[in-house]
Amino acid sequence: MFSFYKNKKIFITGHTGFKGAWLCRILTLAGAQITGYALPPSDNPNLFELSEISKDINSIFADIRDRETLKQAVLSVQPDIIIHMAAQPLVRESYKNPAYTYETNIMGTVNILEAARECKTVKSFLNVTTDKVYKNIECERGYQETDELNGRDPYSNSKSCSELVTESYKKSFFENTPAAISTARSGNVIGGGDFANDRIIPDCVRAVRNKQTLIIRNPNSIRPYQHVIEAVFGYIIIAKNQFECKKYEGSYNIAPEISDCIETSKLADLFFKHFENAEWEVKNNAEPHEACFLKLDNSKMKNTFGWKPHIDIEKAVDMTAEWTKEYLNKGNFNEIMDKQIEEYSKIIINCR
């Protein structure tokens, strides 16, 4: 798979985020020519700057809502592949700033699709959305790609709308073109270098660093947690296959096995076993609604591409703790990042 990406021109929106940084690192190791388009990283610290990815790619710092600037950026690059990840990605933030969330997540998608529509070199377009696009009826089975899209909170709903926008553009403007259009709905990603607010692992890291007790809002909520490498490799598998054959365009869940969907409290326990004297407690303040139970069915990825998860939840947490310890001890955490990518890529190669 890595050989496919050598010298490919890849345009990535949202490249300064946590997943964006991992994606850029993987693709630069594969020899791709990457242009990223995003706002400057908002977290301090942040993985984009820590990993020094900017040395290996072309970065454009601009707003996804700025249609003309975005279009000109895409047309100047003439990319082979576009991977769209720019978003306002947090549920609680979407309650505070719903208009900004909708503008970014819906109109940002419209804007990048408009740019792709005018750029004739694009053969593969992937919109990365979320596991939260589905109408959540708190069922025990994993949601399938054919289930209803109707997220409840502004973030989830805006990403459901982003899915619908992508499908409309695909049918309206791309059916008779070489460009293949897909969406990817991944689970809750964890991994080294996530410093975002209101995410369980970054909150764990801050508690360890500051020697404080972690506060958990919803200890019994169940999510499809997976290592970021697993999700990002899923993205590049989809992008590659639909580039080579348009029949592969569609919507795909990239998710762990159902048995690896666990409670938030268990995830904290798995992480804290790597650190002395780390502990958590529940604090039930009045909070906006968040789903309690969420799982995804990954059968379509398996049946279509022969993809399957290779990192179970305990291994995913071990890998996250490994990077975190190196970071907290001021060690070579970038070496850990590259090692984890190399080990996973070998697994992928050996399984194909």
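One structure accompanies this document, and this report is about it. (Residues numbered from 1 in each chain as written. Predicted model: local features only at pLDDT ≥ 70, side-chain atom pairs only at ≥ 80, totals over all residues. Heavy atoms only, no water.)

### Concerning the overall build of the chain
Condition: In DSSP terms, a helix is any run of H or I states spanning at least four residues, a strand is any run of E spanning at least two, and both are numbered starting from the N terminus. All radius of gyration figures rest on C-alpha atoms, and the globule criterion is 2.2 Å times the number of residues raised to 0.38. The buried label applies to any residue whose accessible area, calculated with a 1.4 Å probe on protein chains only, is under 20% of its type's maximum; exposed applies above 50%, and partly exposed to all values in between. Each accessible area value is a Shrake-Rupley result obtained with a 1.4 Å probe; residue values ignore everything except the protein chains displayed when judging cover. Residues counted as positive are Lys and Arg, residues counted as negative are Asp and Glu, and His and the chain ends are not counted. A single reference atom marks each charge: NZ on Lys, CZ on Arg, CG on Asp, CD on Glu.
The secondary structure content of the chain amounts to 13 helices and 13 strands. For 352 residues, the compact-globule estimate of 2.2 N^0.38 gives 20 Å, and the chain sits close to it at 19 Å. Going through the 352 residues of the chain one by one, you find that 57% of them count as buried. Total accessible area on the chain stands at roughly 14,900 Å², and carbon and sulfur atoms take up 45% of it. Taking the average location of the 44 positive side-chain charges in the chain and that of its 47 negative ones, the two points are 4 Å from each other.

### Examining the environment of R117
Note the threshold: Between two residues, a contact is recorded if the distance between any of their heavy atoms is within 4.5 Å.
Of note, R117 is situated in helix 6 (residues 98–118). Using a relative accessible area of 30% as the deciding quantity, one classes R117 as partly exposed. Taking the C-alpha atoms as reference, R117 lies 16 Å from E249; in sequence the two are 132 residues apart. Aside from chain neighbours lying at most four places away, what touches R117 is Y169, F173 and F174.

### Structural notes on empty space enclosed by the protein
As a reminder, the rule being used: In this analysis, the protein atoms alone were mapped onto a 1 Å grid. Cavities are point sets where a 1.4 Å probe fits without being able to get out; pockets are open sets with protein on both sides within 12 Å along at least five of seven lines; lining residues have an atom within 4 Å of a point. Grid points are joined across faces, edges and corners, and a volume is the space filled by probe spheres set on the points. Following the grouping adopted for this structure description, the nonpolar residues are Ala, Val, Leu, Ile, Met, Phe, Trp, Tyr, Cys and Pro, the charged ones are Asp, Glu, Lys and Arg, and the polar ones are all others, Gly among them.
All chains considered together, the criterion is met by one cavity of 30 Å³ or more. There is about 40 Å³ of room inside the largest cavity. Lining the largest cavity, in full, are G191, G193, D194, F195, I201, V205, T320, W323 and T324. Those elements that place two or more of their residues in the lining of the largest cavity are helix 8 (200–210) and helix 12 (313–328). The dominant element in the lining of the largest cavity, judged by the number of residues it contributes, is helix 12, at three residues. Here the residues of the lining of the largest cavity are counted per class, giving four nonpolar, four polar and one charged.

### Let's talk about the nonpolar core
Basically, it comes down to this: Buried Ala, Val, Leu, Ile, Met, Phe, Trp, Tyr and Cys residues form a nonpolar core when they are joined through side-chain atoms within 4.5 Å.
Residues Y5, I10, W22, L27, Y235, L267 and F271 are the most contacted members of the largest nonpolar core, which totals 73 residues. Apart from residues lying up to four places away in sequence, Y235 is in contact with K19, M85, L126, V128, A184, S186 and I254. Counting 24 residues, the second largest nonpolar core, distinct from the first, contains I112, C119, F174 and I181.

### Focus: the state of the cysteines
Simply put, disulfide is the name for a covalent bond between the sulfur atoms of two cysteines. Heads up, the rule is: Throughout, a disulfide means two cysteine sulfur atoms within 2.5 Å of one another.
Applying the stated rule across the entire model yields zero disulfides. The cysteine C119 is free of any disulfide, with C24 supplying the nearest cysteine sulfur at 18 Å.

### With respect to unusual backbone geometry
The linkage connecting N44 with the following residue, P45, adopts the cis geometry, with an omega of 5°. Looking at where P45 falls in the secondary structure, it is placed in the loop between strand 2 (33–38) and helix 3 (47–50). Its identity is not glycine, yet K211 carries a phi of approximately 55°, on the positive side. You can see K211 is positioned in the loop between helix 8 and strand 8 (214–216). At N277, a residue that is not glycine, the phi angle is positive and equals roughly 60°. Inspection of the secondary structure puts N277 in the loop between helix 10 (264–272) and strand 13 (280–282).

### As for helix 10
Quick reminder: α-helices carry 3.6 residues per turn. Residues three or four places apart thus point the same way. Of all the nine residues making up helix 10, seven are buried; the element is thus mostly covered by neighbouring parts of the structure. Listed in full, the buried residues belonging to helix 10 are T264, S265, L267, A268, L270, F271 and F272.

### Let's talk about the pattern of salt bridges
What counts is decided by this rule: Any carboxyl oxygen of Asp or Glu within 4 Å of a side-chain nitrogen of Lys or Arg constitutes a salt bridge here.
For the structure shown, the criterion picks out 23 salt bridges. With a shortest N-O distance of 2.8 Å, R92 and D198 are connected by a salt bridge. Residue R92 is found in helix 5 (residues 91–96), and its partner D198 is found in the loop between strand 7 (188–190) and helix 8; the two are separated by 106 residues along the sequence. Accessibility expressed as a relative area gives 29% for D198, which makes it partly exposed. Residue R217 is joined to D198 by a salt bridge in which the shortest nitrogen-to-oxygen separation is 3.9 Å. With R217 in the loop between strand 8 and strand 9 (222–223) and D198 in the loop between strand 7 and helix 8, this pair connects stretches of sequence that are 19 residues apart. Salt bridges sharing partners connect three or more residues here, namely R25, D56 and D338.

### Observations regarding the packing of helix 10 against helix 12
As a reminder of what qualifies: Every axis in this analysis is a line fitted to C-alpha atoms, fitted for helices over the stretch in contact. Angles between the N-to-C directions lie between 0 and 180 degrees. Angle categories are assigned with fixed cut-offs, so that under 35 degrees is roughly parallel, over 145 is roughly antiparallel, 65 to 115 is roughly perpendicular, and the rest are oblique. Less than a right angle of anticlockwise turn of the near helix away from the far helix marks a crossing as left-handed, whereas a clockwise turn marks it as right-handed.
Two elements in contact, helix 10 and helix 12, have axes whose closest approach is 9 Å; the angle formed by their N-to-C orientations is 50°. Classified by the interaxial angle, the pair formed by helix 10 and helix 12 is oblique. Note on packing geometry: the crossing formed by helix 10 with helix 12 is right-handed. Here helix 10 contributes L267, L270 and F271 to the contact with helix 12, which in turn contributes I313, E314, V317, T320, A321 and T324. A breakdown of the residues in the contact of helix 10 with helix 12 according to their chemical character gives six nonpolar, two polar and one charged.

### A few points about the sheet that holds strand 2
Sheets are built from strands paired through backbone hydrogen bonds, the pairs being either parallel or antiparallel. Condition: DSSP bridges decide pairing: two strands pair if at least two such bridges lie between them.
Judged by pairing direction, the sheet is parallel, and its seven strands sit side by side in the order 3-2-1-4-5-6-11 without closing on themselves. Edge positions in the open sheet fall to strand 3 (58–61) and strand 11 (251–254), since each of these has one partner strand only. For this sheet, the mean angle separating the axes of adjacent strands, direction not counted, is 20°. Pairing of strand 1 (residues 9–13) with strand 2, which is carried by five bridges, proceeds in the parallel orientation. For I12, the partnering residue across the bridge sits in strand 2 and is G36. Most of the contacts of helix 2 (residues 18–29) go to strand 1, to which it runs at about 170°, and overall it touches strand 1, strand 2, strand 4 (81–84), strand 5 (124–128) and strand 6 (180–186). The sheet contacts of helix 6 involve strand 1, strand 4 and strand 5, and relative to strand 4 the element is tilted by about 175°.

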